[in-house]
Amino acid sequence: MRKYVPYIWIVGLLLCLYGALQVRSVRIDLTDDQLYSLSDASKQLLRQTDSPIEMSLLLQGDLNAGFRRLKKATEEMVEEMGVYGDIVVRECRDPKYADSLGLHPIIIHEREQNGRTAQTVVYPYALLTYHGKRAVVPLLKNTPGVSGEENLHSSIEQLEFAFMEALHLLHQNETPRVAILEGHGEPDEAHTYDLMSVLSKYFQVDRGQIANSQQSTANIHLLDGYQAVIIVNPQTPFNDIERFIIDQYIMRGGAVLWALNGVRFSEDVLQEEGFTPIVAQELGLTEMLFRYGIRVNPALVQDIQCLPIPVNVSTDPLSTNLQPMPWTYAPLLLASQGSPVTRGLGQVMSTFVSPIDAVGGDDGIEKRILLATSTASRMTATPGEVDLNDVNPDLSKFQYQYIPVAVSMEGEFPSAYAHRMIPDGVETDEAIRKKSVKTRQIVIGTGSILLNETQRNEALPMGYDRYSGMLFSNRDFIANAVLWLTDSEGLILLREKSTPLRLLNDKRAHDERRKVQIVSTTCPIALLVIIGLSVFAVRRRKYAVKSRKHK
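Residues numbered from 1 in each chain as written. Predicted model: local features only at pLDDT ≥ 70, side-chain atom pairs only at ≥ 80, totals over all residues. Heavy atoms only, no water.

Helix and strand counts for the chain stand at 13 helices and 29 strands. The buried share among the 551 residues of the chain stands at 42%. Contacts in the chain between residues at least 24 apart in sequence constitute 76% of all its contacts with a sequence separation of at least 6. (Helix = DSSP H or I, 4+ residues; strand = E, 2+ residues; numbered from the N terminus. Buried < 20%, exposed > 50% of the residue type's maximum accessible area, 1.4 Å probe, protein only. Contact = heavy atoms within 4.5 Å.)

All right, on to the packing of helix H2 (residues 40–47) against helix H6 (residues 159–171) then. Between H2 and H6, the shortest axis-to-axis distance is 11 Å and the interhelical angle comes to 40 degrees. Considering how the two elements wind past one another, H2 and H6 form a crossing that is left-handed. On H6, the residues touching Ser42, Leu45 and Leu46 of H2 are Glu160, Met164, Leu167, His168 and His171. For the contact of H2 with H6, the per-class residue count stands at four nonpolar, three polar and one charged. (Axes fitted to C-alpha atoms, helices over the stretch in contact; angles between N-to-C directions. Left-handed = near helix turned anticlockwise from the far one by under 90°. Nonpolar A, V, L, I, M, F, W, Y, C, P; charged D, E, K, R; others polar.)

Along the polypeptide, methionine 288 turns up in helix H10 (residues 286–292). You can call methionine 288 buried: its relative accessible area is 3%. As a C-alpha pair, methionine 288 and alanine 416 span 128 residues in sequence and 5.4 Å in three-dimensional space. Contact partners of methionine 288, with chain neighbours within four places excluded, come to Arg243, Ile246, Asp247, Trp258 and Ala416.

Looking now at the pairing of strand E11 (residues 255–259). Where burial is concerned, most of E11 is hidden: five out of the five residues are buried. Relative to E11, strand E10 (residues 228–232) is paired through five bridges, and the arrangement is parallel. Within E11, the position partnered with isoleucine 230 by the bridge is leucine 257. Handedness of the E10-helix H8 (residues 240–251)-E11 crossover: right-handed. Summarising the sheet, E11 and strand E25 (residues 439–444) pair through four bridges and their orientation is parallel. Counterpart to tryptophan 258 in the pairing with E25 is valine 443. (Pairing = 2+ DSSP bridges. Right-handed = clockwise from strand over helix to strand, strands pointing away.)

Summed over all chains, the structure comprises 14 salt bridges. Glutamate 182 is the salt-bridge partner of arginine 207, the closest N and O atoms lying 2.7 Å from each other. Here the residue arginine 207 occupies a position in strand E8 (residues 204–208), and glutamate 182 occupies one in the loop between strand E7 (177–181) and helix H7 (193–199), the gap between them amounting to 25 residues. Taking the relative accessible area as the measure of exposure, glutamate 182 reaches 24% and is therefore partly exposed. Between glutamate 366 and arginine 368 there is a salt bridge whose closest N-O contact spans 3.2 Å. Judged by its relative accessible area of 39%, glutamate 366 is partly exposed. Among the charged side chains, a salt-bridge network with shared partners connects Asp240, Arg243 and Arg420. (Salt bridge = Lys/Arg side-chain N within 4 Å of Asp/Glu carboxyl O.)

Here we come to the sheet that holds strand E2 (residues 87–91). In space, the four strands of this open sheet follow the order E2-E1-E5-E6, with mixed pairing throughout. Edge positions in the open sheet fall to E2 and strand E6 (133–138), since each of these has one partner strand only. Taking the axes of each pair of neighbouring strands and ignoring which way they run, one obtains an average angle of 20 degrees across the sheet. Across five bridges, strand E1 (residues 53–57) lies against E2 in parallel orientation. Bridge assignment links methionine 55 to a residue of E2, and that residue is valine 89.

Across a regular strand the side chains alternate sides, sitting on one face of the sheet and then on the other. Burial runs high along E1: four of the five residues are buried. As defined by bridge partners, E1 adjoins strand E5 (residues 125–130) across four bridges and the pair is classed as antiparallel. When the sheet's bridge partners are listed, serine 56 is paired in E5 with leucine 127.

Below, the discussion takes up the sheet that holds strand E22 (residues 384–387). Across the sheet, which stays open at both edges, the three strands sit in the order E12-E13-E22 with antiparallel pairing between neighbours. Edge positions in the sheet fall to strand E12 (263–264) and E22, since each of these pairs with one other strand and no more. Note that strand E13 (residues 275–280) and E22 share four bridges and pair antiparallel. Looking across to E22, one finds that isoleucine 278 is bridged to glycine 384.

Quick look at the nonpolar core now. Ranked by size, the top nonpolar core spans 78 residues in total, and within it Phe163, Leu371, Leu450 and Phe477 carry the most contacts. At nine residues, the largest contribution of residues to this core is made by H6. Leaving out residues up to four positions away in the same chain, leucine 450 has contacts with His191, Leu195, Ile230, Val232, Leu257, Ala259, Ile444, Met462 and Ile478. Within the second largest apolar cluster, 38 residues are counted, among which are Ile210, Ile231, Ile250 and Leu283. (Core = buried A, V, L, I, M, F, W, Y, C linked by side-chain atoms within 4.5 Å.)

Another aspect to go through is a negative patch on the surface. Negative charge collects at one region of the surface, where Glu267, Asp268, Glu272 and Glu273 lie side by side. Tracing the sequence through the fold places glutamate 272 in helix H9 (residues 267–273). (Patch = residues over 30% accessible without salt bridge, like charges linked within 9 Å, V, L, I, M, F, W, Y side chains within 5 Å. Areas by Shrake-Rupley, 256 points an atom, 1.4 Å probe, with all protein chains shown as cover. Lys, Arg positive; Asp, Glu negative; His and termini not counted. Charge placed at Lys NZ, Arg CZ, Asp CG, Glu CD.)

All right, on to H6 then. Three- or four-residue spacings in an α-helix give side chains the same orientation, since the helix completes a turn every 3.6 residues. Counted at 1.5 Å a residue, the expected span for H6 with its 13 residues is 18 Å, and the 18 Å between its end C-alpha atoms agrees. Across the 13 residues of H6, 12 count as buried, placing the element largely inside the fold. Here H6 has its buried residues at Leu159, Glu160, Phe161, Ala162, Phe163, Met164, Glu165, Ala166, Leu167, Leu169, Leu170 and His171. (Expected span 1.5 Å × (residues − 1).)

Time to look at the packing of helix H3 (residues 65–84) against H6. It is at 10 Å that the axes of H3 and H6 come closest, and there the two elements cross at 50 degrees. Considering their axes alone, H3 and H6 lie oblique with respect to each other. Read as a crossing pair, H3 and H6 show a hand that is right-handed. Of the residues in H6, those touching H3 at Leu70, Ala73, Thr74, Met77, Val78 and Met81 are Leu159, Glu160, Phe163 and Met164. Its residues assigned to classes, the contact of H3 with H6 shows eight nonpolar, one polar and one charged. (Parallel < 35°, antiparallel > 145°, perpendicular 65-115°, else oblique.)

This next bit is on the side chain of histidine 171. Assignment of secondary structure puts histidine 171 in helix H6. When sequence neighbours within four positions are dropped, the list of residues in contact with histidine 171 reads Leu45, Gln48, Thr49 and Tyr130.

The next point concerns the packing of aromatic side chains. Enumeration according to the criterion identifies seven aromatic pairs in this entry. Aromatic side chains tyrosine 202 and phenylalanine 203 sit 6.2 Å apart centroid to centroid with 55 degrees between the ring planes, which places their arrangement in the tilted category. Since its relative accessible area comes to 9%, tyrosine 202 is described here as buried. You can call phenylalanine 203 buried: its relative accessible area is 5%. Ring centres 5.9 Å apart and planes at 75 degrees place the aromatic pair tyrosine 292 and phenylalanine 413 in the edge-to-face group. Of the two residues, tyrosine 292 sits in helix H10 while phenylalanine 413 sits in the loop between strand E23 (404–411) and strand E24 (426–427), which places them 121 residues apart along the sequence. Relative accessible area serves as the criterion here: at 0%, phenylalanine 413 is assigned to the buried category. Put simply, the rings of Phe265, Trp327, Tyr329 and Phe352 touch in pairs and so form one group of aromatic residues. The ring of tyrosine 226 carries the charged tip of arginine 177 above its face, separated from the ring centre by 4.4 Å. (Phe/Tyr/Trp six-rings, centres within 6.5 Å; stacked < 30°, edge-to-face > 60°. Lys NZ or Arg CZ within 6 Å of the ring centre and 35° of its normal.)

Structure (structure tokens):
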């Protein structure tokens, strides 16, 4: 009996371990990139759910290999979410249900081995329902100018953020507010309609002035109810009262998105006369922004990577021959992959953009470049002029690379009024705050990124170029920028999650296809034969020895 005691202990230990695993699930992620792990912010958000989260996956049907990989990654993400929250999954195979919700399908065209083209309709969405509220989770990120494989890979990387963003919206009992400032010649509602439409998914968007001539005093706490303030392309200077209220709003933790042009010009004169002078834009904000660690330079960038414009190249005054020509004052900006605001984004459309410099040295404020020009850029200083005939650029003059035009800042900012008096007309009994709590700002060297064009009295999307018919990443950039400014839970940082894209070499796979087929077919069979022969030889030798002993 004594010789069986160790085995009894081992069996008992295994039974105890099995029972513990039945009570509590244990998950260990052994991947280098922690692909199957949720962040602490996601776990906390899931633990806050007090009722089941109903989830319907619409990504069903006869999918190709890429979408099957996306579906598998989605199911694994949902399974991981189910460890920390109560997730009830329901499959939805009826496309009419998705159509009734206004969800547009993705049509995939693929060439089969027989040469025919197959068409598949896919609905890459998931629906979350919580406390009677519903949110749509787009599973596919379709970035213009990026290959299908890269889009699918980026979509898999952003799955956690997509689900947590939707769940965060479902948890909100009160919609946070953001403000778009007016009163300085900013674009009207028709040209900021899409901006308000994009932000209305997450916020209540208000518009208004800080102070006007009819007010005798201004309230220093006027902006405190807003999580972020957006300043879009002002044309007239801010007065001392307005600057002070914005400064103290930042000191109390307010976030600001500045979209400012460093130069002043007239697009109407440019269209009528064919050229327009450019001079430095005086908004009264230069000193203030300098104190925060940033400077919008009084210049315009030109870039070889730009939008085309139609130009009449006909020599006959009675006929028109419009041809696309590069317009270097409309650069297609590159998005940095080192920030959660711009990670995974494509090019951003813009016009008349001013370069930005970071100043202040080691001031403890973290600055990140969000948007920059390409490797063939130049700058036009003020005073100068913009000429419509400048459509045949001299490439030898475009010697600058990656000129910053949008920068994010995070930290404790010094007040521009730290050593100044409170302006007359400000209603407050408080002392001036000389340093902010930790907060965030974003500065963009143009307002064009946030604006939309109109056609037949209807607003077009931000980043849509009517001439080429292309839609750029302006909407995603602005949405991410404001979410980053207002993010107190760290959810936007999920966009930094990345996994290496491991692509097959298509040419090598095709050339060595027969070799791979032979090896993958014969090696398992050969291994089984070797194992069988080895077992046979060992058994034969064993019984041969026993038979000799008996003899």
